[in-house]
Amino acid sequence: MAHQTQAKTFEVERIRKDFPILNREVNGYPLVYFDNAATSQTPQQVIDAIADYYSNYNANIHRGVHSLSQEATDKYEQARIKIQQHFNAGKAHEIIFTSGTTHGINLVASGFSGFLKEGDEVIVSAMEHHSNIVPWQMLCERTGAKLKVIPMDQKGELIYAEFEKLLSAKARLVFVNHVSNALGTVNPIKDIIQKSHAVGAAVLVDGAQAAPHIKADVQDLDVDFYVVSAHKMCGPTGVGILYGKEEWLEKLPPYQGGGEMIATVSFEGTTYAGLPHKFEAGTPNICGGIAFGAALDYMNGLGFDEIAAYEHELLEYATRKLKEIEGMKIYGEAAEKTAVISFNIEGLHPYDIGTLLDKMGIAVRTGHHCAQPVMDFFKIPGTVRASFSFYNTFEEIGRFVEGVKKAKMMLQ
Ligand code: C6P
């Protein structure tokens, strides 16, 4: 069934045919997959790109004179260019392949060790994933810099006035997610970047949860670093990218030493390769990088505006239906949200609800979602999180809402 969005007709039934996994049953029911914020499903086009690599040109890259190696190198570097174009980076070598968001953040945090001193301040938001907290805490421990936190309000929005108060000449770095994984809040990153730059602080944006829904333009944002994982946007696990402005990437030291990141090596010393290789030690996830490119082709083929418009309607519908359930408490009601609903039902443990939903073939995530400070803020151990993607349907939301009602009945 085609669904009429404001943007255009969104042919969700046709799109679903691209995802073989959506045909399977779980516990005797057709799968309803609402754990897209943890990892998205993979369309046949990406599966084919993976199979094509291993079936036809599996070889190490940047090393061999033989044809297979050349072919793999070309495809890998073409993927880098696709990713560059997708995020509108000025130069292909500003795209560093990583194993994912966590790797990208750690690379930058490690690199800043030599640039910070005691008394410097680094600012992080109250709604970060542990990946965007712990590496900075480790950096502060190494350097004596102080970690400051931008607070949020009950709706799950950052308190902007408090952020402005934190900005001073001592602020050297600001880290904020584009979209919160636990709440779905879309943060005003363009403004955050401008204000941070005004006091001389660099900004790293964790784009892990934004990238599947919002096409970020890193030049327009003027962001210093932007990190994403492929597996949240129809690509495979174990690959992602760090975008860094050339001037920053030139300044930062290499993260890991090894093959391919060097210019010359002798026992007297080593000189490093230029960008992007300086940050890509060892054999990379070649197939993963190529498949990431295929995933971007797939998503761009659908259109990010169309995806966002359709997902927004799913979000509004599910929010309205869930709110009809007595005892329902939704966490994260920001004016700008992606299709994520975190909730609890009064008196019930999120884990129990998640377990019963699974028995009905419905996959959601339960727990703290690697964002314990968010849970502490709301004084809860965790939530049930339903996160939607463009291949989900209104019918699935209907089944999910009925499932939640049934779970509530069984548990009360
Ligand atoms: N969040 C979730 O269920 P990796 O694991 O490196 O691909 O991504 C880490 C990460 C970083 N930042 C944000 C905002 C994230 O949401 C995630 C991953 C998943 O919410 C798994 S914990």
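Every value quoted in this text rests on a predicted model; they were computed, and no experiment measured them.

Draft legend 1. Seen up close, a nonpolar patch on the surface. Together, Ile-262, Val-265 and Tyr-272 give the surface a local cluster of nonpolar side chains, amounting to about 280 Å² of exposed area. Position of Ile-262 relative to the elements: it lies in strand S13 (residues 262-266).

Draft legend 2. Representation of the packing of aromatic side chains within the structure. Evaluation of the coordinates by the stated rule reveals 24 aromatic pairs. Taken together, a centroid distance of 5.0 Å and an interplanar angle of 45° make the contact between Phe-112 and Trp-248 tilted. Residue Phe-112 is located in the loop between helix H4 (101-111) and strand S7 (121-125), and its partner Trp-248 is located in helix H9 (residues 246-251); the two are separated by 136 residues in the primary sequence. For the pair Phe-112 and Trp-248, one class covers both residues: buried. An aromatic cluster is present here, built from Phe-10, Tyr-310, Tyr-317 and Phe-394 joined pairwise through their rings. Across from the ring centre of Tyr-331, 5.3 Å away, lies the NZ or CZ of Lys-329, which sits over that ring.

Draft legend 3. Main features of the side chain of Ser-125. With respect to the helices and strands, Ser-125 occurs in strand S7. Engagement of the side chain of Ser-125 in a polar contact is seen with the backbone nitrogen of Met-127, the distance being 3.1 Å. Once you skip the residues sitting within four places of it in the chain, Ser-125 turns out to touch Val-149, Ile-150, Leu-158, Phe-175 and Val-176.

Draft legend 4. Local environment of the side chain of Asp-224. Along the chain, the position of Asp-224 falls in the loop between helix H8 (218-221) and strand S11 (225-229). Each residue touching Asp-224, except ones within four places of it in the same chain, is listed here: His-197, Ala-201, Ala-202, Val-203, Tyr-243, Gly-244, Lys-245 and Trp-248.

Draft legend 5. Spotlight on the site of the ligand. In the vicinity of the ligand there are 16 residues, among which Thr-102, Asp-206, Gln-209, Ser-229 and Arg-365 approach most closely. The side chain of His-231 places a nitrogen or oxygen atom 2.8 Å from an oxygen atom of the ligand. Lys-232 is positioned such that a nitrogen or oxygen atom in its side chain is 3.0 Å from a nitrogen atom of the ligand. Out of a free accessible area of 520 Å², the ligand has 87% covered by protein chains. Assessed atom by atom at 2 Å from the grid points, the ligand resides in the largest pocket. Its residues assigned to classes, the shell around the ligand shows four nonpolar, eight polar and four charged.

Rules used in this analysis
- All residue numbers refer to position in the chain's written sequence, counted from 1.
- Selection of residues for local features in this predicted model requires a pLDDT of at least 70, selection of side-chain atom pairs for listing and counting requires 80 or more, and totals for whole chains, interfaces and linings are taken over all residues.
- Where side-chain values are given, they derive from all heavy atoms of the structure, hydrogens and water being excluded.
- Patch criteria: residues need more than 30% relative accessible area and no salt bridge. Like-charged residues are merged within 9 Å; nonpolar side chains of Val, Leu, Ile, Met, Phe, Trp and Tyr are merged within 5 Å.
- Accessible areas in this description were obtained via Shrake-Rupley with a 1.4 Å probe; residue shielding takes into account the shown protein chains only.
- The salt bridge criterion pairs a side-chain nitrogen of Lys or Arg with a carboxyl oxygen of Asp or Glu, the two atoms within 4 Å.
- Secondary structure elements follow DSSP: runs of H or I no shorter than four residues count as helices, runs of E no shorter than two count as strands, and numbering proceeds from the N terminus.
- Here a pair means two rings of Phe, Tyr or Trp (six-membered ring of Trp) with centres within 6.5 Å. Their orientation is stacked below 30 degrees between planes, edge-to-face above 60, and tilted elsewhere.
- Burial classes: relative accessible area under 20% of the type maximum marks a residue as buried, over 50% as exposed, and values in between as partly exposed (1.4 Å probe, protein chains only).
- As a reminder, the over-ring test applies to NZ of lysine and CZ of arginine, requiring each to be within 6 Å of the ring centre and within 35 degrees of the ring normal.
- Whenever a nitrogen or oxygen atom comes within 3.5 Å of another N or O atom, the pair is scored as a polar contact, on the condition that within protein one atom can donate a hydrogen and the other can accept it, and that pairs from neighbouring residues in sequence are kept only if both atoms are in side chains.
- By definition, residues are in contact when any of their heavy atoms lie within 4.5 Å.
- Any residue with at least one heavy atom within 4 Å of a molecule or strand is counted as near it.
- Cavity and pocket criteria rest on a 1 Å grid covering protein atoms alone: a 1.4 Å probe that fits but cannot get out defines a cavity, protein on both sides within 12 Å along at least 5 of 7 lines defines an open pocket, and an atom within 4 Å of a point defines a lining residue.
- Put plainly, a molecule is in a cavity or pocket when over half of its atoms are within 2 Å of the grid points there.
- Under the grouping applied here, Gly and all other residues not named as nonpolar or charged are polar, the nonpolar ones being Ala, Val, Leu, Ile, Met, Phe, Trp, Tyr, Cys and Pro and the charged ones Asp, Glu, Lys and Arg.

Remember, this is a structural readout, not a statement about activity or role.
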